[in-house]
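Structural features, examined
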Amino acid sequence: MSAAKAIWIAIDGPAGSGKTTVGRLLARRLGFQFINTGSMYRAVAWGLCQGLTLEGMELDLADERVLLNGEDVTPNLYNEEVDLRASEIARDPSVRAFLIEKQRQLAQGRNVVMEGRDIGRVVLPEAEVKIFLEASLEERARRRARERGGSREEVEQELAERDARDHDFGRLDPAPDAIIIATDGLSVEEVVARALAAVREALEKDEPAGKTSEGSPLPGERGGRCARL
Ligand code: DC
């Protein structure tokens, strides 16, 4: 019996659009592996600050922990300094090539929800489902301020600066075939519900006739690995 083809779900969007929260929940609901590519850019930024070179870095993910040369560096990755450094080094084509290759390896043969900026357009252009989360700058700043503290005005200023740094390589643009979810005013659960509906619809289109009725298992469930929507 041939193995079921792996299913790839790409989630892209600007900083603060909810990609990580939504991607994590979506992956959990589907029983897929969640891959947060921003954490990989952060780990490279941190490694470079420690004097490592790209060639001297072995990156791995274990659940949502990032291992750099075998060491769990996750606790070092979410602070203002790494926010800034990561968005700088992410503009370096050699860093992008290094991480894109690694991200493709991680997806090989696995059902994944991969979250980032260029997943649907560059990393996994053959992804079965591409979702792009949109949110206004005000809404993103409100969410970030709630998560990390700080005044909304300051966070809004930081996010606007980050958007300006993250705009190249088309990183703020959806893939032409992405499903766009405008998230302003929606709760996390509402966004996840829309994303799940988009996944079901996209995968049912690919299903052979007779297997597409409402409530039918997703292709990834055939091997028993994937929870029902
Ligand atoms: O999503 P994040 O804030 O953790 O990402 C950290 C930085 O990495 C951010 O400046 C954007 C960049 N990034 C990228 O260029 N491409 C990706 N696929 C993911 C993140």
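Quick notes on the rules
Residues numbered from 1 in each chain as written. Predicted model: local features only at pLDDT ≥ 70, side-chain atom pairs only at ≥ 80, totals over all residues. Heavy atoms only, no water. Buried < 20%, exposed > 50% of the residue type's maximum accessible area, 1.4 Å probe, protein only. Helix = DSSP H or I, 4+ residues; strand = E, 2+ residues; numbered from the N terminus. Pairing = 2+ DSSP bridges. Near = heavy atom within 4 Å. Polar contact = N/O pair within 3.5 Å; in protein donor to acceptor, adjacent residues only side chain to side chain. Expected span 1.5 Å × (residues − 1). Contact = heavy atoms within 4.5 Å.

Let's shift gears to the pairing of strand E7 (residues 129-134). Among the 6 residues of E7, 5 are classified as buried, and the element is accordingly described as predominantly covered. The sheet contact formed by strand E1 (residues 8-12) and E7 spans 4 bridges and is parallel. From the neighbouring strand, Asp-12 faces E7, where its bridge partner is Phe-132. Note that E7 and strand E8 (residues 179-182) share 4 bridges and pair parallel. Bridging across to E8, Glu-134 finds its partner in Ala-182.

On to the site of the ligand, then. Taken together, 14 residues are adjacent to the ligand, and Arg-42, Ser-87, Arg-96, Asp-118 and Arg-171 come closest. Within the side chain of Thr-37, an N or O atom sits 3.0 Å from a nitrogen atom of the ligand. In the model, an oxygen atom of the ligand is placed 3.0 Å from a nitrogen or oxygen of the Asp-166 side chain. Where the shell around the ligand is concerned, the elements lending two or more residues are helix H2 (37-49) and helix H3 (80-89). Top element by residues in the shell around the ligand is H2. It accounts for 4 residues.

Turning our eyes to something else, we now look at the sheet that holds strand E5 (residues 71-72). Spatially, the 3 strands line up as an open sheet ordered E3-E4-E5, and their pairing is antiparallel. In this open sheet, the two strands that pair with only one neighbour each are strand E3 (59-62) and E5. Two strands pair when backbone bridges link them, and strand E4 (residues 65-68) and E5 are joined in this way by 2 bridges, in the antiparallel orientation. Residue Leu-68 lies in a different strand from E5, and its bridge partner there is Glu-71.

Helix length check: H2, at 13 residues, gives a terminal C-alpha distance of 19 Å against a target of 18 Å (1.5 Å per residue), a fit within 8%. Burial analysis of H2 places 10 of its 13 residues in the buried class, the great majority of the element. The complete set of buried residues in H2 reads Thr-37, Ser-39, Met-40, Tyr-41, Arg-42, Ala-43, Val-44, Ala-45, Trp-46 and Gly-47. Two or three places before Gly-38, at the start of H2, stands the capping residue Asn-36, its side-chain oxygen 3.0 Å from that residue's backbone nitrogen. Among the residues trailing H2, Gly-51 stands out with phi positive, at a value near 95°.

Here we take up helix H8 (residues 188-206). With 19 residues, H8 extends 27 Å from end C-alpha to end C-alpha; this agrees with the ideal 27 Å at 1.5 Å per step. Every buried residue of H8 is listed here: Val-191, Val-192, Ala-195, Leu-196, Ala-198, Val-199, Arg-200, Ala-202, Leu-203 and Glu-204. Along its buried surface, H8 packs onto E1, helix H1 (19-30), E7 and E8.

By themselves, these are just geometric observations and shouldn't be taken as functional.
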